[in-house]
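Next come the chains, spelled out residue by residue.
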Amino acid sequence: MSGFSAAFRGAGWKRCNLHRVYFSLTHATPTRNMLSIVKTCVLFSVLCLYLAKPIYLKRVSRCPSTCSCSKESIICVGSSSVPRIIPNDINSLSIVNGTFSEVKETMFAHMPSLQLLSLANNKLKALPRDSFIDLDSLIELDLRGNAFECDCRAKWLMLWLKNTNATVSDVICAGPKDMTDKQLNNMASLHNECTSTDLILHQSVPSESLSVDTFSYKNDVYVAIAAPNTESCMVLQWDHIEMNFRTYDNITGQSIVGCKSVVIQNQVFVIVAQLFGGSHIYKFDEDQSRFSKFQDIEVSKISKPNDIEAFQIAGEWFFVIADSSKAGLSTLYKWNNKGFYSYQSLHEWFRDTDAEFVDLDGKSHLILASRSQVPVIYQWSRNTQKFALHGEIPNMEDVVAIKAFQINEDLYLAMTRYIGDSKVVRWSTKQFIEIQALPSRGSMILQPFSFKERHYLALGSDYTFSHIYLWDANNKLFERFKEVYIMAPRSFTVVSTDRRDFIFSSSFKGSTQIFEHIMIDLSV
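Residues numbered from 1 in each chain as written. Predicted model: local features only at pLDDT ≥ 70, side-chain atom pairs only at ≥ 80, totals over all residues. Heavy atoms only, no water.

Q: What's the story with the overall build of the chain in this structure? I'm lost.
A: The helix and strand tally for the chain stands at 4 helices and 36 strands. Among the 524 residues that make up the chain, the fraction classed as buried is 48%. Taking all contacts inside the chain whose residues are at least 6 apart in sequence as the whole, residues at least 24 apart take part in 43%. Here the chain has roughly 28000 Å² of accessible surface; of this, 50% comes from carbon and sulfur atoms. (Helix = DSSP H or I, 4+ residues; strand = E, 2+ residues; numbered from the N terminus. Buried < 20%, exposed > 50% of the residue type's maximum accessible area, 1.4 Å probe, protein only. Contact = heavy atoms within 4.5 Å. Areas by Shrake-Rupley, 256 points an atom, 1.4 Å probe, with all protein chains shown as cover.)

Q: Sorry, what's going on with the pairing of strand β24 (residues 373–381) here?
A: Remember that side chains alternate between the two faces of the sheet whenever the strand is regular. When you tally the buried positions in β24, you get 8 out of 9 residues, the bulk of the element. Pairing of strand β23 (residues 363–370) with β24 involves 5 bridges; the strand directions are antiparallel. Paired with His365 across the bridge in β24 is Gln379. Between β23 and β24, which pair antiparallel in sequence order, lie 2 residues. (Pairing = 2+ DSSP bridges.)

Q: Hey, could you run me through helix α4 (residues 155–163) in this one?
A: When α4 is considered as a whole, its buried residues turn out to be Lys155, Trp156, Leu157, Met158, Trp160 and Leu161. Among the structural elements, β5 (140–142), β7 (167–168) and β36 (512–521) are those in contact with the buried residues of α4.

Q: Got a minute to help me understand the environment of Asp361 in this structure?
A: Note that Asp361 resides in the loop between β22 (352–360) and β23. For the pair formed by Asp361 and Thr429, sequence separation is 68 residues and the distance between their alpha carbons is 8.0 Å. The residues touching Asp361, leaving out its near neighbours within four places in the chain, are Trp427 and Thr429. A distance of 3.2 Å separates a polar atom in the side chain of Asp361 from a polar atom in the side chain of Trp427. (Polar contact = N/O pair within 3.5 Å; in protein donor to acceptor, adjacent residues only side chain to side chain.)

Q: I keep staring at the confidence of the model for the chain and nothing clicks. Help me out?
A: Predicted coordinates in areas of low pLDDT are best not read in detail. The predicted model of the chain averages 87 in pLDDT, with 87% of residues at 70 or higher. The low-confidence segment residues 1–35 (pLDDT under 50) makes 22 contacts with residues lying over four places distant or belonging to another chain. Here residues 37–60 scores under 50 on pLDDT; set against residues more than four positions off or in separate chains, the count is 15 contacts. (pLDDT = per-residue confidence, 0-100.)

Q: Help me out: how do you make sense of the packing of aromatic side chains in this one?
A: The geometry of an aromatic ring pair is captured by the separation of the ring centres together with the interplanar angle, meaning the angle of the planes. The tally for this structure, following the rule as stated, stands at 37 aromatic pairs. Judged by centre distance (6.3 Å) and plane angle (75 degrees), the ring pair of Phe311 and Phe387 falls under edge-to-face. Here Phe311, found in strand β18 (residues 305–313), pairs with Phe387, found in strand β25 (residues 386–392); they are 76 residues apart in sequence, far enough to count as distant. Both residues of the pair, Phe311 and Phe387, belong to the buried class. For the ring pair Phe405 and Tyr412, a centre distance of 5.3 Å and an interplane angle of 15 degrees mean the geometry is stacked. Taken together, the ring pairs connect Phe311, Phe318, Tyr341, Tyr343, Phe357, Trp380 and Phe387 into an aromatic cluster. Taking NZ or CZ as reference, Arg371 lies 5.8 Å from the ring centre of Tyr418, over its face. (Phe/Tyr/Trp six-rings, centres within 6.5 Å; stacked < 30°, edge-to-face > 60°. Lys NZ or Arg CZ within 6 Å of the ring centre and 35° of its normal.)

Q: Which parts of the structure should I look at to understand the pattern of salt bridges?
A: Any two side chains of opposite charge can pair, on the condition that their charged atoms come close. What the rule picks out here adds up to 13 salt bridges. Put simply, Glu286 and Lys218 hold a salt bridge, and the shortest N to O gap is 2.3 Å. Of this pair, Glu286 sits in the loop between β16 (279–285) and β17 (290–297) while Lys218 sits in the loop between β10 (211–217) and β11 (220–227), and the two are 68 residues apart along the sequence. Among the residues examined, Lys218 registers a relative accessible area of 46% and is labelled partly exposed. For Asp462, the salt bridge is made with Arg490, and the minimal N-O distance between the two is 2.9 Å. Remark: Arg490 occurs in strand β34 (residues 489–497) and Asp462 occurs in the loop between β31 (454–459) and β32 (466–472); sequence separation between them is 28 residues. For Arg490, a relative accessible area of 18% puts it in the buried group. (Salt bridge = Lys/Arg side-chain N within 4 Å of Asp/Glu carboxyl O.)

Q: Mind showing me how you'd approach the sheet that holds strand β13 (residues 244–252) here?
A: Two pairing modes exist for strands in a sheet, parallel and antiparallel, and in both the strands are linked by backbone hydrogen bonds. Spatial strand order, β10-β11-β12-β13: 4 strands in an open sheet with antiparallel pairing. Looking at which strands have only one partner, the edges of the open sheet turn out to be β10 and β13. Taken over all neighbouring pairs, the strand axes of this sheet differ in orientation by 25 degrees on average, direction set aside. (Axes fitted to C-alpha atoms, helices over the stretch in contact; angles between N-to-C directions.)

Q: Would you mind going over the nonpolar core with me for this structure?
A: For soluble globular proteins, nonpolar side chains are generally found buried alongside one another. Of all hydrophobic cores here, the largest spans 36 residues; its most connected members are Leu93, Leu117, Leu127, Phe132, Trp160 and Leu184. Of all elements in the fold, only β2 (73–77), β3 (92–96) and α4 reach the threshold of two or more residues within this core. At 5 residues, the largest contribution of residues to this core is made by α4. Setting aside residues no more than four positions away along its own chain, Phe132 makes contact with Phe108, Leu117, Leu127, Leu141, Trp156, Leu157 and Trp160. (Core = buried A, V, L, I, M, F, W, Y, C linked by side-chain atoms within 4.5 Å.)

Q: In this structure, what is going on with the side chain of Asp220? I would like to understand it.
A: Along the chain, the position of Asp220 falls in strand β11. Buried Asp220, no salt bridge; nearest opposite-charge side chain is Arg246, N-O distance 7.1 Å. Of the polar contacts made by the side chain of Asp220, one reaches the side chain of His240; its length is 3.1 Å. Residues in contact with Asp220, not counting those within four places in the same chain, are Phe215, Gln237 and His240. (Lys, Arg positive; Asp, Glu negative; His and termini not counted.)

Q: Can you walk me through the sheet that holds strand β26 (residues 399–407) in this structure?
A: The strand order β26-β27-β28-β29 describes an open sheet built from 4 strands, whose pairing is antiparallel. On the outer flanks of this sheet lie β26 and β29 (431–439), each paired with one strand and no other. Each strand of the sheet is rotated relative to its neighbour by a mean of 25 degrees, with strand direction disregarded.

Pasting the structure below:
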């Protein structure tokens, strides 16, 4: 090095001053001597960088005051808060006998070597979601002696316990009350406790309506909407690309109050009930991709249609129209492979407002509601192949609509009353018994519907918000769930497609609204 230094000094290092170089380059005309000085300085700088020894800064990890630390493990006892652990290459971490009740979300992130983790005997009630997701080397986990709440916050831990290969201590639940002392390790599911639902507005159809019906044809889903103000039965189709309902066809008429679809032997019919000009049946013309008139319904039989109910008995297709005129004559029609023909007259002079087909103890029945008397029950006779008056539902005056639904093995009726309380009744052996009354001033519809094993009632109102009720399986009653504002609702109809569930709400004074039923994971 001495020879090199001498040579370097001989090259004029004493003259290698940066200020002099900068001044010479910026204030003078470069000469050969100046350039020699610059080259010398540059070479010296490169040499210094090459010969210099590398310097490494080592991060010093301080051991928390309540802990004892070694190269491979950290043990903390009696901490009032979670110690700030810095090293990520330890293989054993114990934070025990503390008084803290929570840990940070990223507490155990970036600890790929951790094999033993103990959080025993603290005050933990819950752990952040996916707390152990980065612990790929974990062999043993101790969570004993904590006060875990086995509610929705513990759902992720329950699932993790089922899938991990690590040995985990028993996780004992301290709450809620019905879960106390149970082992989270052994639980099959927390799904019911950790899932809620909601109805959110998906789409509006800018038209007033009285009824909505749905049908499927060749893997497509359609909706028929009775819109009296526009004198049409609007047919919508679900658009699988745009993910909404679009106009497909428009059946025109006079004061249309009901559109009921029936699919028979791969043929689609829509029964269109009108206040004026008679009622008609339309058939889908596949060549023209539209509905064309197929058949007229006798005007003399139906004067003021109020409801259409279609059903099958022993493979035969029928539909009944409830007539609400003063000289009303509700009529049953039967399919004969060529068309529908008048088959039986029912309940003359009683101004029927609704018809509902039900199966009671394995026998076909038809219930007719009327404002002039309590609902009456007709039973199908296999001998005469006709309906015969069978009984009535007592103490249920002024019922305007009846809708049947089933929960598990039990059959219920939702009975709408415009004045007074609407009622929910259950079939028991040979009679209906009341199980619940719902205040329903101004209601024209109490509609049951179900999504994913959840059962609802939609109670419409002409004067205030409509109420959605949800079935409580423990109490076997409907509890208030949600309020929705719909102007004068007349029907609620379920439509499901592309694994999505919707409910159409018809409105006599506003737009037809389409709500989507969504599931909410409360454990997130």
